[in-house]
Amino acid sequence: MKPWTCGVAILTALLMHHLSLAIADHTTRGFNTSSKAGVYVGTGNGRGQFLLKVDATSIMMWLQCEPCRPQAQQGRPLFVPRDSPSFVAVHGASGGCDRRFFTPLPNNLCAFHYTGNGNRDGVDLGVIFIGCAHNSVIFRNDGIYAGVVGLGRVPQPSPVSSQPHVLGMSHGHTSFSYCLSGETNRQGLLRFGTDVPVLHTSRYRTTRIRPALHAQDGAYHVSLVGVSLGAHILDAVRPEMFGRRGEDVGEGGCIIDIGTPLTVMAQEAYSVVEEAVWSELQRHGAERVEQHDYGLCVRATEATKRRLPSMSLHFAEEEATLVVSPKHLFLIMDDMYKKAGQIACLAMRPGRRTVIGALQQVDTRFVFDLEGDRISFAPESCTKETTLVV
């Protein structure tokens with residue numbers, strides 16, 4: 001596979017406390033499982049605007065630039081470096097090359113390369129830098145996104161920066177926050193530093209961010225130890241099902257990721273959860289139906305919709321429990337096979353490790369404190385801080 005190669009652009013429009021955050025409506029119009037949360041970024045002193053895909057597991061940041069071959073089709077024309085008054089190529093002599101991701105070019109210019117699955121992004125260098133990609137391969141951008149913005153942690157001190165991250169963590173900021181709304185025609189805020197809400201109420205629950213096991217791992221690892229369905233703890237779901245394994249960066253453990261649409265649960269735990277959900281719904285007369293890409297779906301009669309249970313995710317800290325309401329645990333969609341009525345599908349999938357995804361984070365305020373190595377969360381009506389998209 002060819003790597004992505006680029007120069008580096010300084011995009012001055014990123015020097016702000018918050019950026020626009022867009023997320024698809026997961027609950028009322030059906031959920032496109034390839035969609036991601038996206039951030040709108042202004043470039044060239046505000047002359048252009050690009051939608052970048054959010055990835056909370058990455059520690060790089062980039063967008064496609066002219067010329068780019070091969071090019072993943074995106075929602076607007078490519079960024080043109082020569083037309084941007086704020087574009088500046090970074091030189092190694094200025095201390096701007098991170099040796100883990102960057103390689104030197106002739107004339108002491110810096111270039112980055114990364115070989116992976118297309119979900120990689122930026123690095124904090126004191127001011128905001130974005131990689132300018134001239135060669136992108138297997139960039140899964142849904143035909144919309146111009147690049148990727150990373151919210152991941154730098155696991156080890158960088159030779160060019162002691163700051164924890166690329167965006168809000170610059171200029172001494174060590175925290176960020178978001179509150180995802182399910183409204184398709186509204187945008188919320190991705191907040192950084194001093195713009196992050198103060199945790200002054202008892203409604204917040206806090207869990208510790210666990211250290212990464214791999215140098216390239218920027219994900220937010222947490223200790224998930226159990227699952228409840230409604231008020232009943234699922235005893236068959238054991239803490240070791242969410243244990244981390246050192247052999248593979250994508251194997252085992254539990255992470256929180258805004259860039260993953262639906263929650264993925266470790267296969268062994270998922271089997272217990274699906275069986276428990278089906279047993280509960282079957283007890284109340286639900287009719288099971290088949291739906292491509294989903295493990296459990298039932299016919300969504302009015303009686304069944306009233307019986308859809310909630311789910312609680314229990315972290316190692318005694319008081320730290322994330323409650324997922326029925327409307328964020330199930331997807332209500334039209335029955336495409338019978339062309340009549342609706343079905344309700346469990347919005348989770350089995351996988352090699354557990355990832356708490358975006359749908360299950362809707363209407364919950366998350367605050368990531370990187371200096372304190374903790375994540376706090378609380379229920380909130382996230383639509384209150386959104387603006388209408390015209």
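If you look the protein up in an unreviewed UniProt entry, it shows as Peptidase A1 domain-containing protein from Paspalum vaginatum.

Asker: How would you sum up the state of the cysteines? Please name residues and give values.
Answerer: Under the counting rule described, the total for this entry stands at three disulfides. What pairs with Cys-65 in a disulfide is Cys-132, and their sulfur atoms sit 1.9 Å apart. An S-S torsion of about -125° defines the bridge between Cys-65 and Cys-132 as left-handed. A residue pair is termed long-range when its members are at least 10 positions apart, and Cys-65 in the loop between strand S5 (62-64) and strand S6 (102-104) and Cys-132 in strand S8 (residues 129-133) qualify at 67 residues. Taken individually, Cys-65 and Cys-132 each receive the classification buried, so the pair is uniform in this respect. A sulfur-sulfur separation of 2.0 Å characterises the disulfide bridge that pairs Cys-297 with Cys-345. One quick way to see it: the torsion about the S-S bond of Cys-297 and Cys-345 is about 110°, and its sign makes the bridge right-handed. On the criterion of sequence distance, the pair formed by Cys-297 in strand S19 (residues 297-299) and Cys-345 in strand S23 (residues 342-346) is long-range, its members being 48 residues apart.

Asker: Pulling in residues and values, what's your account of the sheet that holds S19?
Answerer: Strand order in the open sheet formed by four strands is S18-S19-S23-S22, with antiparallel pairing between adjacent strands. Every other strand in the sheet has two partners, leaving strand S18 (288-289) and strand S22 (330-334) as the edge strands with one partner each. In terms of strand pairing, S19 meets S23 through three bridges, oriented antiparallel. When the sheet's bridge partners are listed, Arg-299 is paired in S23 with Ile-343.

The rules we used
- Residues numbered from 1 in each chain as written.
- Predicted model: local features only at pLDDT ≥ 70, side-chain atom pairs only at ≥ 80, totals over all residues.
- Heavy atoms only, no water.
- Disulfide = S-S within 2.5 Å.
- Helix = DSSP H or I, 4+ residues; strand = E, 2+ residues; numbered from the N terminus.
- Buried < 20%, exposed > 50% of the residue type's maximum accessible area, 1.4 Å probe, protein only.
- Pairing = 2+ DSSP bridges.

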